[in-house]
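# Examination of the molecular architecture
If you want the building blocks of each chain, they are given just below.
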Amino acid sequence: MKSYNLYLSILMVMFFLLSCKKRADQNISLKFAETMVSEELPIDFMLGKPYQLKISDSLLLIADHVDEKAITIYNYKNNKYLKEVINIGQGPSEIILPIQLTIREKDTIGILERQKGLYSTFLISDILTNTVQCLNQINFGNIDRITETNNGYISAGFYEEGSIGIHNIRGELINVINIYPDYLNKINDISIKYRYGQGSIAFNKESDIFAFAGYFIGEIKFYSLNDSNKLEIRNYYNLSLSSDLQRRINASTNTTIERTDIEYFTDIYTTDHYFYVLYSGKSMDEREKARESHILLFNSAGKYVKCYKSDRKLYKICVSPDDKHLYALSLSDELDYILVQLNLS
């Protein structure tokens, strides 16, 4: 009997510890967020409709559309505008908008033309001197986002078997993984399924951790990429505030995004040590009225650390390599796009 009671006690302790771990993954509190005061950067150039930020050394690279150029480059350390680069168009050395930027090394950028799935790499020094010479080019097909791993690429796109593609260093597709929540898998149309299940992606090369933050589904997932080119879940968080979308999808696969649906995670950025996830949490018809944003901080393994709150709405973010400053796109009182800096403690 004593052995049985001891065995039962061990099982109860193990169940308690596992339950605590499960709850800990959901333990994200916006209520006790640390407030950050933003400082507008003094820029002497106009932004059009910027939609992405990346940092390379002392440079901010801004995906935009100004004077038929696709990228604006700004030195944030000395507050100096450098130039607009990369022509928009369909000719040689031109690209089609919208694009997604990646930083391969501190001196090399990748540009994904999202309409074509074409991924091209360039030396930053070349494009600064108007020598737009492509180093490498890969056609990934029908994808929407991409991030580089240590041995290849991970994409998000319109796959029959799921939404995440694993590619080798040559860009060849070697595995497709379904990370959609169960209620989306009843949808047969892959474009509709992707629309609901889309999100921002990032890969941390120091920890070999892949992160996904869902735009409409309210989930943040962190995976390790194993030797079999499969994703193994490490940490999972669900900040979904409403099940209206899920109920509509369960009732009909022909539903659309409505004004009352929640916009959850609008950007993700990784440095060597952390992931930063930009959280909105506003309905589609209220998101432009927001006067603040939250930034969720996770360590490089995907464990939640803390939450920041900005004093204005942020649209896109990037973070300095030393994790001391966050840079973001925001709007002025006159509704012009501006760049702001926030200090991270």
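Overview of the structure. Counting restarts for each chain, with residues numbered from 1 along the sequence as it is written. Side-chain atom pairs in this predicted model are given and counted only at pLDDT of 80 or more, local residue features only at pLDDT of at least 70, and totals for whole chains, interfaces and linings cover all residues. Remark: hydrogens and water are excluded; side-chain values derive from all non-hydrogen atoms of the structure.

### Considering the sheet that holds strand β24 (residues 316-319)
Taken in spatial order, the 4 strands make up an open sheet running β2-β26-β25-β24, and their pairing is antiparallel. Strands at the two margins of the open sheet, each flanked by one partner only, are β2 (38-40) and β24. Between one strand axis and the next, the sheet turns by 30° as a mean value, whatever way the strands run. DSSP calls a pair of strands paired once it identifies at least 2 bridges connecting them. Runs of E in the DSSP output that reach at least two residues are strands. Runs of H or I that reach at least four are helices, and both are numbered from the N terminus. A fitted line through C-alpha atoms serves as each axis, taken over the contacting stretch for helices, and the angle formed by two N-to-C directions is quoted from 0 to 180°.

### Let's talk about the pattern of salt bridges
Counted as salt bridges are all cases of a side-chain nitrogen of Lys or Arg within 4 Å of a carboxyl oxygen of Asp or Glu. Taken as a whole and assessed by the stated rule, the structure comprises 14 salt bridges. A salt bridge links arginine 248 to aspartate 261, with the shortest nitrogen-to-oxygen separation between them at 2.7 Å. With arginine 248 in helix α4 (residues 244-251) and aspartate 261 in the loop between α4 and β20 (262-270), the pair connects residues that are 13 residues apart, well separated along the chain. Only protein chains enter the calculation, and the probe is 1.4 Å; a residue is then buried if its accessible area is under 20% of its type maximum, exposed if over 50%, and partly exposed in between. Note on arginine 248: relative accessible area 17%, which makes it buried. By relative accessible area, aspartate 261 is classed as buried at 5%. In this structure, a network of salt bridges that share partners links the residues Arg114, Asp144 and Arg145.

### Some words on unusual backbone geometry
In this structure, the amide linkage connecting leucine 97 to the following residue, proline 98, adopts the cis form with an omega of 0°. If you trace the backbone, proline 98 turns up in the loop between β7 (94-95) and β8 (99-105). A positive phi angle, close to 50°, is found at aspartate 67, a residue other than glycine. Its place among the elements puts aspartate 67 in the loop between β4 (59-66) and β5 (69-75). On the basis of relative accessibility, which here comes to 63%, the residue aspartate 67 falls in the exposed class. Located in the positive-phi region is glutamate 68, a residue other than glycine, with phi close to 60°.

### What to know about the side chain of glutamine 52
The topology assignment puts glutamine 52 in strand β3 (residues 52-56). A relative accessible area of 11% means that glutamine 52 is categorised as buried. Here a polar contact is recorded for every N or O atom pair within 3.5 Å, except that within protein the pair must consist of a potential hydrogen donor and a potential acceptor, and residues adjacent in sequence are included only if both atoms are side-chain atoms. Here the side chain of glutamine 52 touches leucine 101 through a polar contact of 2.7 Å, landing on its backbone nitrogen. What makes two residues a contact is simply this: any of their non-hydrogen atoms within 4.5 Å. Discounting residues that sit within four places of it in the chain, glutamine 52 has contacts with Leu61, Ile62, Ala63, Ile99, Gln100, Leu101, Lys316 and Leu329.

### Considering α4
For the α-helix, the turn length of 3.6 residues means that residues three or four positions removed from each other point alike. By the burial criterion, the buried members of α4 are Leu245, Arg248 and Ile249. The buried residues of α4 occupy one face: seen down the axis, they fall within an arc of 100°. Among the structural elements, α3 (190-197) are those in contact with the buried residues of α4. Starting at the helix axis, one direction is taken to each C-beta atom, and the arc is that of these directions.

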